[in-house]
Amino acid sequence: MQLTKFTHSCVRIEDGDRALVLDPGAFSEFDAAMDGAQAVLITHEHADHLDADKLRAALARDPSLRVWAPASVVAQLGDLGEQVVAAEPGQAFEAAGFPVRAFGGQHAVIHPSIPTISNVGYLVGDAVYHPGDSFFVPPAAVSVLLLPLHAPWSKMAEVIDFAISVRAPQVRPIHDALLNDLGRGVVEMQVGRLVGEHGSDYAGWAPSDTLTA
C-alpha cells in the first residue's frame, strides 16, 4: 500500500488501481486527494476532517463513490442511499477493496463545557491506523500509526503516550496544520526521541510525501 499525506489529517491509500481517502477536510487539497478514489472514510464531523459540500458534490459526480462515516456525518450529508454508510466501532467492512476495522467511538474532550461528538478510528488493510480526533488504542497490531501531532484537545505528553501504547513500527504525523515551523520542531524532537526509545520509527511527513506500508 502506498500512503500519501495531504494537509492536516487527510491521507490517501492506494494499492494498484484501488484508492481510498481518509478525512478530506477543509484544510486539505480535496480534489487532488480524491482524484479517482473509490471510497472515503470520515472519522467525525468537524470541518478540518470533513468538507461536506465538496464531498456531496463528489458523490453526485460519481455514483459509484462510497463513504463510511459516523451516523452524525451520514445525517449531515443527507439522503444519499447506499452511497453513504454509517460506521460504528466494532464493525469490519471492505472499502475500495481494502479490509477496514472501526474502533473508538468518541471524540477526545476539548473542554468540559463543549459536548463530545462521535469519532470513529479506522484500521485499513490490517496495517494503517487513523484514529481521527482520539487517542483510542486499538486491540490490534498496527504497522503504521497516523499520529495526531497537535490539537486543541491534546497535550504533547498525551501524544507521546498514545504513540508508545500503540507500538507501531512506523509513526507519521497528521493533524498538524495548526503548528508553525518552530512549534513543529519542538514537538517532533520530543515525540521522535521518546517513541524511538520504545521501538517506533517517527519521521516528519509533509503534504505530498509518501510512505509504503
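We now turn to the structure provided with this report. (Residues numbered from 1 in each chain as written. Predicted model: local features only at pLDDT ≥ 70, side-chain atom pairs only at ≥ 80, totals over all residues. Heavy atoms only, no water.)

1. Observations concerning the overall build of the protein
(1) Moving on: The number of helices and strands found in the protein is five helices and 14 strands.
(2) Moving on: Here the protein has a C-alpha radius of gyration of 16 Å; the compact-globule value for 213 residues is 17 Å, and the two agree.
(3) Moving on: The dimensions of the protein, computed from C-alpha atoms along their principal axes, are 45 × 45 × 35 Å.
(4) Moving on: Put simply, the protein has 213 residues, and 49% of those count as buried.
(5) Moving on: In the protein, the proportion of contacts linking residues at least 24 apart, taken out of those at least 6 apart, comes to 57%.
(6) Moving on: In the structure as shown, the protein presents an accessible area of about 9,000 Å², 53% of it carried by carbon and sulfur atoms.
(7) Moving on: Distance from the positive charge centre (13 side chains) to the negative charge centre (26 side chains) of the protein: 3 Å. (Helix = DSSP H or I, 4+ residues; strand = E, 2+ residues; numbered from the N terminus. Rg over C-alpha atoms; globule rule 2.2 N^0.38 Å. Buried < 20%, exposed > 50% of the residue type's maximum accessible area, 1.4 Å probe, protein only. Contact = heavy atoms within 4.5 Å. Areas by Shrake-Rupley, 256 points an atom, 1.4 Å probe, with all protein chains shown as cover. Lys, Arg positive; Asp, Glu negative; His and termini not counted. Charge placed at Lys NZ, Arg CZ, Asp CG, Glu CD.)

2. Focus on the sheet that holds strand E4 (residues 39-41)
(1) Moving on: Ordered by their spatial adjacency, seven strands build an open sheet running E6-E5-E4-E3-E2-E1-E14, and the pairing between neighbours is mixed. Edge strands, defined here as strands with exactly one partner in the open sheet, are strand E6 (84-86) and strand E14 (210-212). Along the sheet, successive strands turn relative to each other by an average axial angle of 20°, direction set aside.
(2) Moving on: Examined bridge by bridge, E4 and strand E5 (residues 66-69) share three bridges and lie parallel to one another. By the bridge assignment, alanine 39 is partnered in E5 with arginine 66. (Pairing = 2+ DSSP bridges. Axes fitted to C-alpha atoms, helices over the stretch in contact; angles between N-to-C directions.)

3. Comments concerning the nonpolar core
(1) Moving on: Among the nonpolar cores identified, the biggest contains 26 residues, and Leu3, Ile13, Leu20, Leu41 and Tyr122 are the most heavily contacted of them.
(2) Moving on: Elements represented by at least two residues in this core include exactly strand E2 (11-15), strand E3 (18-22), E4, strand E7 (92-95), strand E8 (98-106), strand E9 (118-124) and strand E11 (144-148).
(3) Moving on: Ranked by size, the runner-up nonpolar core spans 22 residues in total, among them Val40, Ile42, Leu59 and Ala69. (Core = buried A, V, L, I, M, F, W, Y, C linked by side-chain atoms within 4.5 Å.)

4. Thoughts on helix H4 (residues 156-166)
Because each turn of an α-helix spans 3.6 residues, side chains separated by three or four positions in sequence point in the same direction.
(1) Moving on: All of the buried residues along H4 are Val159, Ile160, Phe162, Ala163, Ile164 and Val166.
(2) Moving on: Close packing links the buried residues of H4 with strand E10 (128-130), E11 and helix H5 (181-196).

5. Digging into the environment of proline 131
(1) Moving on: Mapping proline 131 onto the fold places it in the loop between E10 and E11.
(2) Moving on: Judged by its relative accessible area of 0%, proline 131 is buried.
(3) Moving on: In this structure the C-alpha to C-alpha distance between proline 131 and leucine 145, which are 14 residues apart in sequence, comes to 8.5 Å.

6. Observations regarding the pairing of E11
(1) Moving on: With respect to burial, E11 is a largely interior element, five of its five residues being buried.
(2) Moving on: Alignment of E11 against strand E12 (residues 170-174), held across five bridges, turns out to be parallel. Bridge pairing in E12 places valine 144 opposite glutamine 170.

7. Focus: the environment of threonine 43
(1) Moving on: Checked against the element boundaries, threonine 43 lands in the loop between E4 and helix H2 (52-61).
(2) Moving on: The exposure class assigned to threonine 43 is buried, which follows from its relative accessible area of 0%.
(3) Moving on: Residues threonine 43 and glycine 97, spaced 54 residues apart in sequence, show a C-alpha to C-alpha distance of 19 Å.
(4) Moving on: Each residue touching threonine 43, except ones within four places of it in the same chain, is listed here: Asp23, His49, Pro70, Ser118, Asn119, Val120, Tyr122, His130 and Gly132.
(5) Moving on: Reaching out from threonine 43, the side chain makes a polar contact with the side chain of histidine 44 at a distance of 2.9 Å. (Polar contact = N/O pair within 3.5 Å; in protein donor to acceptor, adjacent residues only side chain to side chain.)

8. A look at the packing of aromatic side chains
(1) Moving on: Under the criterion given, the structure shown has five aromatic pairs.
(2) Moving on: Ring geometry for phenylalanine 103 and phenylalanine 136: centres 6.5 Å apart, planes at 20°, overall stacked. Here phenylalanine 136 lies in the loop between E10 and E11 and phenylalanine 103 lies in strand E8, a separation of 33 residues in the sequence.
(3) Moving on: Here phenylalanine 103 falls in the buried class, since its relative accessible area comes to 9%.
(4) Moving on: Three or more aromatic residues joined by ring pairs form one cluster here, namely Phe103, Tyr129 and Phe136.
(5) Moving on: Its guanidinium or amino end placed over the ring of phenylalanine 98, arginine 18 lies 4.4 Å from that ring's centre, counting from NZ or CZ. (Phe/Tyr/Trp six-rings, centres within 6.5 Å; stacked < 30°, edge-to-face > 60°. Lys NZ or Arg CZ within 6 Å of the ring centre and 35° of its normal.)

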